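# Observations on the three-dimensional arrangement
Single-letter residue listing:
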Amino acid sequence: MNSEDALYPCSFVIFGATGHLAATKLLPSLYRLELQKRLPEVTNFVAFARRDWDDAAWKAHMEESLRQKLGAQFTPECFARFATRFSYVRGDLNDVQAYKRLLEELGKPKTGVCSNMVFYLALKPEDFSAAVDNLAAVGLNRPRGLHRIVVEKPFGSDLQGAQALNERLHRHYDEQQIYRIDHYLAKETVQNLLVFRFANTLIEPVWHRHFIDHVQITVGERAGIETRADYYDKSGALRDMVQNHIMQLLTLVAMEPPAALEANALRDEKVKVLRSIRPIPLDEVPASVVRAQYAAASVEGKPVPGYLGEPGVEKNSSTETYVAARFYIDNWRWRGVPFYLRTGKRLAEQQSFIAIRMRHPPQQLFRETALANMTPNWILLSLQPDEGMHMEIHAKRPGLGMQTRVIRMEAGYRDSHEPAADAYEALLADIIRGDATNFIRFDEVEWAWRVVDPILRSWAANREALPTYPAGSWGPEEARALFAGEDRMWRDQV
Ligand code: BG6
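Below is a summary of the structure that appears in this document. (Residues numbered from 1 in each chain as written. Predicted model: local features only at pLDDT ≥ 70, side-chain atom pairs only at ≥ 80, totals over all residues. Heavy atoms only, no water.)

## Things to note about the pattern of salt bridges
Enumeration over the complete set of coordinates arrives at 37 salt bridges. The closest approach of N and O atoms between Arg-333 and Glu-256, which form a salt bridge, is 2.7 Å. Note that Arg-333 is positioned in the loop between β11 (322-328) and β12 (338-344) and Glu-256 in the loop between α8 (229-254) and α9 (263-276), a separation of 77 residues in sequence. Owing to a relative accessible area of 32%, Glu-256 belongs among the partly exposed residues under this scheme. Measuring nitrogen to oxygen at the nearest pair gives 2.7 Å for the salt bridge that ties Asp-430 to Arg-433. One end of the pair is Asp-430 and the other is Arg-433, both in helix α11 (residues 423-433) and 3 residues apart, which spans about a single turn. Residue Arg-433 is classed as buried on the basis of its relative accessible area of 3%. (Salt bridge = Lys/Arg side-chain N within 4 Å of Asp/Glu carboxyl O. Helix = DSSP H or I, 4+ residues; strand = E, 2+ residues; numbered from the N terminus. Buried < 20%, exposed > 50% of the residue type's maximum accessible area, 1.4 Å probe, protein only.)

If you want it as structure tokens, here you go:
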């Protein structure tokens, strides 16, 4: 479907409406759909949360939050239109009476009656089941119109938990009603990975263990955990980023061409990659996976607290804010090629990229060039904040002699005047019109948990203190050990 296709009228309930995700992503994205006049006239939003507020208090809170977040995009006229669509239902997720009030509210919509419904669970994983059961208890799982339930990541907190949650959802909803979200799938540069690989005959033939030495995937964040200790301290970087966003990036880099550009064909290929990832035996986890926590430091002249000093974090917490890992994919294309992944909060740069190092040429012809300068070729895919594809190749150094130097071929992804489509905006539009292409099938979730579960088990059995890294650095020294004895190292720049 085309992202500009018309959206359907619906009633859209946001659970966790006063939370971080709603404030930073959901409300701004829905507001932008309003700004672009994409929301049909009959579109109602219900904010569901615990705070003891009425409609007016909710709107005042939302206005303040959007004004701060949106800057010049915020206009009083657009906000007035947007706010008219909202009502607020106060309630505890475990209290069935609150869902009865929700049902009542949905019967008196602000802009017209609509039997299409969306329930967006912007909740902590441990709260999903209560919401799903209680929605079903008041009959809100069997509507007359199009009905969707949106579940944020992480889907469960381990393999068993994910299976139990899935079973719970399936008691009340059909698979086509369940939208498991991973917003990385809707990032344009992530989608561009498919185009880069499968629309260029130049690339695909070398995308193979015969030519590729290793792959690095880095998702670096400068921010700390902000106000999310409640969620993050129970989650950590492995569950928050690796099991979902980074596994999705890895599958897009490693998968075979799908039979068609269609949701199930793509998911089939991604699942094949996840199934081929070599499980890390429990006793090899320490040598293949590094975890760490950020420590207090001064960043750009300002003191920044360490993870244990963040408000709401347990003082003896062993939650990791950094993970680096080495995986192998045992299939014909990738056997023997290491995939190094890393992500962390409070790193040196807000930067996500995929760096692919090619093999050395089989013969060293250019002996006038110091060996140290004979670096292999790199293909660099920058996902954010810069978006582009670069290649580092050798060319002759101008002048006498036959020395080489590295030059870069640069391909920016977008012209500066092309507007950036926000991932959440695209996904919310997909949800409202019922397009599941960019959402995750359960077997993807399940196989991704199978990859990270041994790591979680090994960590749970090992209570040693975590290594630390200074806030504002590229992570702990220990992460270098993943390359011990090899001529490889982390690449910190694209
Ligand atoms: C979220 C994680 O899913 O992704 C956050 O819960 C993380 O911890 C965020 O900061 C990163 O998303 P983006 O789009 O800023 O790369």
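## Points about the packing of helix α1 (residues 20-35) against helix α2 (residues 55-70)
Where α1 meets α2, the closest approach of the two axes is 10 Å, and the angle between their N-to-C directions is 90 degrees. One way to sum up the angle between α1 and α2 is to call them roughly perpendicular. Residues Ala-23, Thr-24, Leu-27, Pro-28, Tyr-31 and Arg-32 of α1 form the contact with α2, whose participating residues are Trp-58, Met-62, Ser-65, Leu-66, Lys-69 and Leu-70. Split by residue class, the contact of α1 with α2 holds 8 nonpolar, 2 polar and 2 charged. (Axes fitted to C-alpha atoms, helices over the stretch in contact; angles between N-to-C directions. Parallel < 35°, antiparallel > 145°, perpendicular 65-115°, else oblique. Contact = heavy atoms within 4.5 Å. Nonpolar A, V, L, I, M, F, W, Y, C, P; charged D, E, K, R; others polar.)

## Quick notes on the sheet that holds strand β7 (residues 212-220)
With mixed pairing, the 9 strands of this open sheet are ordered in space as β16-β15-β14-β13-β7-β12-β11-β8-β17. The sheet is open, and its two borders are formed by β16 (404-412) and β17 (468-470), each paired with just one other strand. Mean inter-strand twist for the sheet, computed between neighbouring axes without regard to direction, equals 20 degrees. (Pairing = 2+ DSSP bridges.)

## Some remarks on the pairing of strand β1 (residues 10-15)
With respect to burial, β1 is a largely interior element, 6 of its 6 residues being buried. In β1, alternate side chains face the same way, and those of Cys-10, Phe-12 and Ile-14 on one face and Ser-11, Val-13 and Phe-15 on the other are all buried. Strand direction decides the pairing type here: β1 and strand β2 (residues 43-49), joined by 6 bridges, are parallel. Note that in β2 the partner of Val-13 across the bridge is Val-46. For the segment spanning β1, α1 and β2, crossover handedness is right-handed. Pairing geometry for β1 and strand β4 (residues 117-121), over 5 bridges, is parallel. Across the sheet, Ile-14 pairs through a bridge with Tyr-120, a residue of β4. (Right-handed = clockwise from strand over helix to strand, strands pointing away.)

## Points about the site of the ligand
Around the ligand, the surrounding shell consists of Lys-25, Lys-153, His-183, Tyr-184, Lys-187, Glu-221, Arg-228, Asp-240, Met-241, His-245, Lys-345 and Gln-384. Here an oxygen atom of the ligand and a side-chain polar atom of Lys-153 are 2.7 Å apart. The contact in question runs from an oxygen atom of the ligand to an N or O atom on the side chain of Gln-384, over 2.7 Å. Summarising the interface, the protein chains cover 84% of the accessible area of the ligand, which totals 400 Å² for the free molecule. A total of 3 residues in the shell around the ligand trace back to one element, the largest contributor, which is α8. Taken together, the residues of the shell around the ligand break down into 2 nonpolar, 3 polar and 7 charged. (Near = heavy atom within 4 Å. Polar contact = N/O pair within 3.5 Å; in protein donor to acceptor, adjacent residues only side chain to side chain. Areas by Shrake-Rupley, 256 points an atom, 1.4 Å probe, with all protein chains shown as cover.)

## Quick notes on the environment of Ile-393
Counting through the fold element by element, Ile-393 comes out in strand β15 (residues 388-396). Residue Ile-393 is classed as partly exposed on the basis of its relative accessible area, which comes to 26%. Taking C-alpha positions, Ile-393 is 44 Å from Glu-310, a pair spaced 83 residues apart along the chain. The residues touching Ile-393, leaving out its near neighbours within four places in the chain, are Asn-377, Arg-405, Val-406, Ile-407 and Met-409.

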